[in-house]
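# Observations on chain architecture
The chain contents come next:
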Amino acid sequence: MKELQPLHEYVLLELVEMEAKTSGGIIIPDTAKEKPQYGKVVALGNIEKPSVAIGDFVYFKKYSGSEVENGGKSLLFVPYADLLAKIVETDKI
Amino acid sequence: MKELQPLHEYVLLELVEMEAKTSGGIIIPDTAKEKPQYGKVVALGNIEKPSVAIGDFVYFKKYSGSEVENGGKSLLFVPYADLLAKIVETDKI
Amino acid sequence: MKELQPLHEYVLLELVEMEAKTSGGIIIPDTAKEKPQYGKVVALGNIEKPSVAIGDFVYFKKYSGSEVENGGKSLLFVPYADLLAKIVETDKI
Amino acid sequence: MKELQPLHEYVLLELVEMEAKTSGGIIIPDTAKEKPQYGKVVALGNIEKPSVAIGDFVYFKKYSGSEVENGGKSLLFVPYADLLAKIVETDKI
Amino acid sequence: MKELQPLHEYVLLELVEMEAKTSGGIIIPDTAKEKPQYGKVVALGNIEKPSVAIGDFVYFKKYSGSEVENGGKSLLFVPYADLLAKIVETDKI
Amino acid sequence: MKELQPLHEYVLLELVEMEAKTSGGIIIPDTAKEKPQYGKVVALGNIEKPSVAIGDFVYFKKYSGSEVENGGKSLLFVPYADLLAKIVETDKI
Amino acid sequence: MKELQPLHEYVLLELVEMEAKTSGGIIIPDTAKEKPQYGKVVALGNIEKPSVAIGDFVYFKKYSGSEVENGGKSLLFVPYADLLAKIVETDKI
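Residues numbered from 1 in each chain as written. Chains lettered and ligands numbered in written order. Predicted model: local features only at pLDDT ≥ 70, side-chain atom pairs only at ≥ 80, totals over all residues. Heavy atoms only, no water.

## Things to note about the overall build of chain A
- Per the secondary structure count, chain A includes one helix and seven strands.
- The secondary structure elements of chain A, listed N-terminal to C-terminal, are β-β-α-β-β-β-β-β.
- Expressed as a percentage of the 93 residues in chain A, the buried residues total 49%.
- Expressed as a percentage of contacts within chain A between residues at least 6 apart in sequence, the contacts between residues at least 24 apart total 59%.
- Just so you have it, chain A exposes about 4,800 Å², and 50% of that area is on carbon and sulfur atoms. (Helix = DSSP H or I, 4+ residues; strand = E, 2+ residues; numbered from the N terminus. Buried < 20%, exposed > 50% of the residue type's maximum accessible area, 1.4 Å probe, protein only. Contact = heavy atoms within 4.5 Å. Areas by Shrake-Rupley, 256 points an atom, 1.4 Å probe, with all protein chains shown as cover.)

Structural data, given as structure tokens:
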């Protein structure tokens, strides 16, 4: 099978509707309706000691990234430096 | 529980109405009505020897930051370099 | 025969209609109708340890590159740093 | 008591009407009516070997700084690099 | 006789109509009618280990360069970094 | 007495009408009527091995500098890097 | 006598009508009618191992430089980096 391998410090994200996928105590944004500012990491470029991994949900800078579409999926190449935060599991209640 | 972990040198701030939360000798700004220029530090990214800690109230550069909203709370990812000052306790009278 | 040898860190791409050339499990973009954001690597400039090779299919940043045309072929000189991703064969199913 | 502690290389200035506060041989500017280009240093950020101290009167680059107001006082966070000059005592007559 | 010796990393190019001068298997662009993006290297400035030599035909970035005219000839000072490619002889058929 | 001590690499200039002050073989500009591009060095900031001294007449880049006025005198804070030339005494005839 | 000593990496040029001053095999531009792009080096600033000397005729980048006029002469302070080429004597025929 063929896949997209990001180059340089690009991260490939799948733009997802987070509301439908998260549960429990997660912080769910209710703004940013049209173009979401978050997505799921699909592939990583050549990044030294990345702080994100494939499968992570991340926020990224608005208007960042180069979009490609594949069927119904929206994919986005975002420079690693434009990622703002990832969602992590914590022991807090 | 899930939380937002800022990446790179981003700081996650909660935008608060300072007037309602401070007391005593604190300097209370009475301008900047719509979009406040200050907030409370909620989380810190990967910052070497940060001068601010979680819970600090900070001023930041106007128009800086990427906003996300969660219920009634306004959260903002601000580059650490755009923080202007923090409010500290002193022995002065 | 004479050929174009890219200088500096430029990559020479041939702009191709990927839909007609790929098969199997490849991710086929169906947007970006007029000016495709992908092409085939035809020649490489002076790039240290390049992550792409001649023949690779690559995505590149929109609006990047200096175009030249040759007969029916569209060729583009793209800075290596503006390449976003290459298409690779994987063992995944 | 609580105070504003500038971060990074910011300097906190109190914008003052110099004409009312200076005397003797001091150079008194008579332009720049609306928004003065000078003020008194109130607090210093993390500046290595600063050339100004708290209490100094300084000139700074026009349009520089992030303003906050506190009652009647106008405070300004100015990058240290945007300070132009300080007023010093000399032995000259 | 007197000549133009480029300074710094400038390359002096003579703008030529390639169609009239090439033959055989050479790639001949048929676009870029008004202002060609290619020329012949006439002189080199102070460039360490240049990848082009006097006499080479080169492509350069559109709108780059400072033009001077001499009789019928159009000469152009182009920064070395703005050269895109040179035309080389290969053994390919 | 109090004086203006420039900070960083700023130079404090007094804007003078050179025509009235020079004599002999000096090059006297007759353009730049409104805002002169030259002045006399009044004070120097923290400049390592400066090529100008207090009292030197200097040319500086047009539109450079932050102006303050003091009575009839026009003073200007100009970055040292924006000085173009100084007027020197030579043995030439 | 007094002279202009350029500071930093500025070069002082005298703007000349080359057509009237050159002869023999020299390349004479016939464009750039209003504001010539070439001149004669009159003085050099603080440039390490300069490739031009006083008396050299040089081309420089259009729109570069800060002009001063002196009687009939047009003088220009041009950054050394904006010089494009100098005219040199060669043994070629």
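## A short note on the pairing of strand β7 (residues 83-89) of chain G
Residues and elements named next belong to chain G.
- In terms of burial, β7 is a largely internal element, five of the seven residues being buried.
- Pairing analysis gives three bridges linking strand β4 (residues 57-60) to β7, with the strands arranged antiparallel. Note on β7: the bridge partner recorded for valine 58 is lysine 86. (Pairing = 2+ DSSP bridges.)

## Overview of the packing of aromatic side chains
- Inspection of the entire model under this criterion finds 14 aromatic pairs over all chains.
- Between phenylalanine 77 of chain E and tyrosine 59 of chain G, the ring centres sit 5.9 Å apart and the planes meet at 45 degrees, which makes this aromatic pair tilted. Residue phenylalanine 77 of chain E is located in strand β6 (residues 73-79), and its partner tyrosine 59 of chain G is located in strand β4; the two belong to separate chains. Residues phenylalanine 77 of chain E and tyrosine 59 of chain G agree in their burial class; the two are buried.
- The interplanar angle of 50 degrees and the centroid separation of 5.6 Å between the aromatic rings of tyrosine 38 of chain F and tyrosine 59 of chain F together place this pair among those described as tilted. Here tyrosine 59 of chain F lies in strand β4 (residues 57-60) and tyrosine 38 of chain F lies in strand β3 (residues 38-44), a separation of 21 residues in the sequence.
- The exposure class of tyrosine 38 of chain F is buried, given its relative accessible area of 3%. (Phe/Tyr/Trp six-rings, centres within 6.5 Å; stacked < 30°, edge-to-face > 60°.)

## Some details on unusual backbone geometry
Residue and element names in this part refer to chain B.
- For lysine 49, which is not glycine, the phi torsion reads 45 degrees and is therefore positive.
- Within the secondary structure layout, lysine 49 lies in the loop between β3 (38-44) and β4 (57-60).
- One non-glycine residue, tyrosine 63, adopts positive backbone phi at about 70 degrees.
- Residue tyrosine 63 is classed as exposed on the basis of its relative accessible area of 74%.

## What about the confidence of the model for chain A?
Residue and element names in this part refer to chain A.
- Per-residue confidence for chain A gives a mean pLDDT of 81, with 73% of residues at or over 70.
- Confidence over residues 30-35 falls short of pLDDT 50; this stretch has five contacts with residues more than four positions distant or in other chains.
- Model confidence for the complex: the whole-complex pTM is 0.82, and ipTM, which rates the interface, is 0.78. (pLDDT = per-residue confidence, 0-100.)

## A short note on the pairing of strand β2 (residues 10-15) of chain C
Residue and element names in this part refer to chain C.
- The buried fraction of β2 amounts to six of the six residues, a majority that puts the element mostly inside the structure.
- Residues Tyr10, Leu12 and Glu14 line one face of β2 and the alternating positions Val11, Leu13 and Leu15 line the opposite face, and both faces are buried.
- Examined bridge by bridge, β2 and strand β6 (residues 73-79) share five bridges and lie antiparallel to one another. In the strand pairing of β6, leucine 13 is matched with leucine 76.
- Examined bridge by bridge, β2 and strand β3 (residues 38-44) share five bridges and lie antiparallel to one another. Looking at β3, one finds that leucine 15 is bridged to glycine 39.

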